[in-house]
Amino acid sequence: MAPDPRWLEILKASGWQNAAIAVACGLLLLTSSWEWLPPLPPLVTIAAAFGVLLFGCLALASMASAALRFFPVGIWIVHYVNRRRDQRDVRDYISHMTEKEREIIAYLLAKNQKTFTAALDGGHAATLISRQIVVRALAPGQVSSQEDTPFAIPDHVWTVLAAHRDQFPYTPSPSGEAEPHPWRINWMAR
């Protein structure tokens, strides 16, 4: 006669139910060893020890799963790894930047300006946008004009650029002259 497989339904129990069964089995073994109960048959002792192990492990697994839902460590690790990879990519790309890209970054670093507005296509900053050194900084539902779309350099990228400030020489315009934004494309050049 085959055993009834319905006993496996216990695996669906919650972590607290499994913990309660494990504690009950442990208390049965403990009270037996203190001789508060008559001696247990060997089969009951083996079953109680198996219950402590099985239900204790199920309770620990359930509690670990709940803790990981509350503290999503995996998501934090992926976020950290992605940021470090982005920083490495920016650091590696600095030596390959065009003069116009260097001019844009130099201007922003000199003015300590992480955000700016540009045409919707990014103007001369389009290549920096494609490399995600510069990203659109629109809030959800925010509306912007065709010529004044907000862009920003993410904080983790800014850190790398600021650390390599010496590779972005900035020459300010002579005093009194209006300084054009280096990412803007002149309307006559469009």
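Right above here is the structure, for reference.
Just so you know, these numbers come straight off a predicted model, no measurement behind them.

A. Focus on a nonpolar patch on the surface. There is a patch of nonpolar side chains on the surface, built from Leu68, Phe70, Phe71, Val73, Ile75, Trp76, Ile77, Tyr80 and Val81 and spanning about 980 Å² of accessible area. If one sorts the elements of the nonpolar patch by residue count, helix α3 (residues 73-93) sits on top with six residues. With respect to the element layout, Ile77 can be found in helix α3.

B. Looking closely at the layout of surface pockets. Reported here for the largest pocket is a volume of approximately 270 Å³. Class assignment for the residues of the lining of the largest pocket results in seven nonpolar, three polar and six charged. Taken as a whole, the second largest pocket holds about 150 Å³ of empty space. In terms of lining residues, the second largest pocket is bounded by Asp86, Asp89, Val90, Tyr93, Arg131, Gln132, Ile133, Val135, Pro154, His156 and Val157. Of all the secondary-structure elements, those providing two or more residues to the lining of the second largest pocket are α3 and α6 (155-163). The leading source of residues in the lining of the second largest pocket is α3, at four residues. Its residues assigned to classes, the lining of the second largest pocket comprises six nonpolar, two polar and three charged.

What counts as what
- Residues numbered from 1 in each chain as written.
- Predicted model: local features only at pLDDT ≥ 70, side-chain atom pairs only at ≥ 80, totals over all residues.
- Heavy atoms only, no water.
- Patch = residues over 30% accessible without salt bridge, like charges linked within 9 Å, V, L, I, M, F, W, Y side chains within 5 Å.
- Areas by Shrake-Rupley, 256 points an atom, 1.4 Å probe, with all protein chains shown as cover.
- Salt bridge = Lys/Arg side-chain N within 4 Å of Asp/Glu carboxyl O.
- Helix = DSSP H or I, 4+ residues; strand = E, 2+ residues; numbered from the N terminus.
- 1 Å grid on protein atoms, 1.4 Å probe; cavity = no way out; pocket = protein on both sides within 12 Å on 5 of 7 lines; lining within 4 Å.
- Points joined across faces, edges and corners; volume = space filled by probe spheres on them.
- Nonpolar A, V, L, I, M, F, W, Y, C, P; charged D, E, K, R; others polar.

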